[in-house]
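Structure at a glance
Residues per chain, in single letters:
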Amino acid sequence: ALESLLAVGAAQGARGTSATATRLWRAYLDTAQEVGNRAQLLVGDDESWTEYASKQQNPAQPVARAILVYLVVHGRTQETRSNAQLLWVKSMQAGNLGLAAIRLFNDRGIGIEPLSGQVRYLLGTFAEANRWYGTAVRYWQDLDIAPGVRDREWRFRVARASIYAGMMDRGAAALKAL
């Protein structure tokens, strides 16, 4: 319910959205700890946690997402955290929860630096689809080309999002690159 509430932005104002995001992070982490205890997963054994999440009947279910969030926050290596970010964002995409993913990353103060290009592309695409053009441009900043997208199409998308976001210089530069 919290995921859906956050995805549709039903919480009133930025404060309500932030409170909902904070509650959802806490719910994810509490659920992951409870499930981890029941499954006898050891803290620090990232491989076992990742394997457990992948064996859920439906990887887009909240329990799998909770375990992935646990790894995003507590994964021992950057590789583990990056892999968990990508799997979690894809899970959010499968559940039509893209805006919730953006709001959760914003609430945690996670900038674009620790995010892989694939995660940034997906988050930017969620933002673009919902006309959050400034957010899309922020996630897409300095991405050379999106995975599976032709160069011209990619540059046009960046230009369009930049112009709609009011970043005329950036949009014009992207158009000139076409």
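Calculation notes
- Residues numbered from 1 in each chain as written.
- Predicted model: local features only at pLDDT ≥ 70, side-chain atom pairs only at ≥ 80, totals over all residues.
- Heavy atoms only, no water.
- Salt bridge = Lys/Arg side-chain N within 4 Å of Asp/Glu carboxyl O.
- Helix = DSSP H or I, 4+ residues; strand = E, 2+ residues; numbered from the N terminus.
- Buried < 20%, exposed > 50% of the residue type's maximum accessible area, 1.4 Å probe, protein only.
- pLDDT = per-residue confidence, 0-100.
- Contact = heavy atoms within 4.5 Å.
- Arc of directions from axis to C-beta.
- Phe/Tyr/Trp six-rings, centres within 6.5 Å; stacked < 30°, edge-to-face > 60°.

Turning our attention to the pattern of salt bridges. Overall, the coordinates contain 5 salt bridges when judged by the stated rule. For E34, the salt bridge is made with R38, and the minimal N-O distance between the two is 3.2 Å. A residue pair is termed a helical-turn pair when its members lie 3 or 4 positions apart in one helix, as E34 and R38 do in helix α2 (residues 13–38) at 4 residues. Between R155 and D151 there is a salt bridge; the shortest N-O distance is 3.2 Å. Separated by 4 residues within a single helix, R155 and D151 lie in helix α9 (residues 151–164), roughly one turn from each other. Since its relative accessible area comes to 28%, R155 is described here as partly exposed. Each of E128, R157 and R160 takes part in one network of salt bridges that share partners.

This next bit is on the confidence of the model for the protein chain. With 88% of its residues at a pLDDT of at least 70, the protein chain reaches an overall mean of 83. Of all secondary-structure elements in the protein chain, the lowest mean pLDDT belongs to helix α1 (residues 2–8), at 71, while helix α8 (residues 133–140) reaches the highest, 93. Across residues 10–14, confidence stays below pLDDT 50; counting only partners more than four residues off in sequence or on other chains, it has 6 contacts.

What follows deals with helix α3 (residues 46–54). All buried positions along α3 are accounted for by D46, W49 and A53. Looking straight down α3, one finds that the buried residues subtend no more than 65 degrees of arc, so they occupy a single side. Away from its buried face, by an angle of more than 90 degrees, α3 presents the exposed residues E47 and S54.

Take the packing of aromatic side chains next. Per the counting criterion, the structure on display carries 7 aromatic pairs. For the pair Y133 and Y164, a centre-to-centre distance of 4.8 Å together with 45 degrees between the ring planes defines the contact as tilted. Of this pair, Y133 sits in helix α8 while Y164 sits in helix α9, and the two are 31 residues apart along the sequence. The buried category is assigned to Y133, whose relative accessible area is 15%. An aromatic cluster of three or more residues is present, and its members are W25, Y28, W88 and F105.

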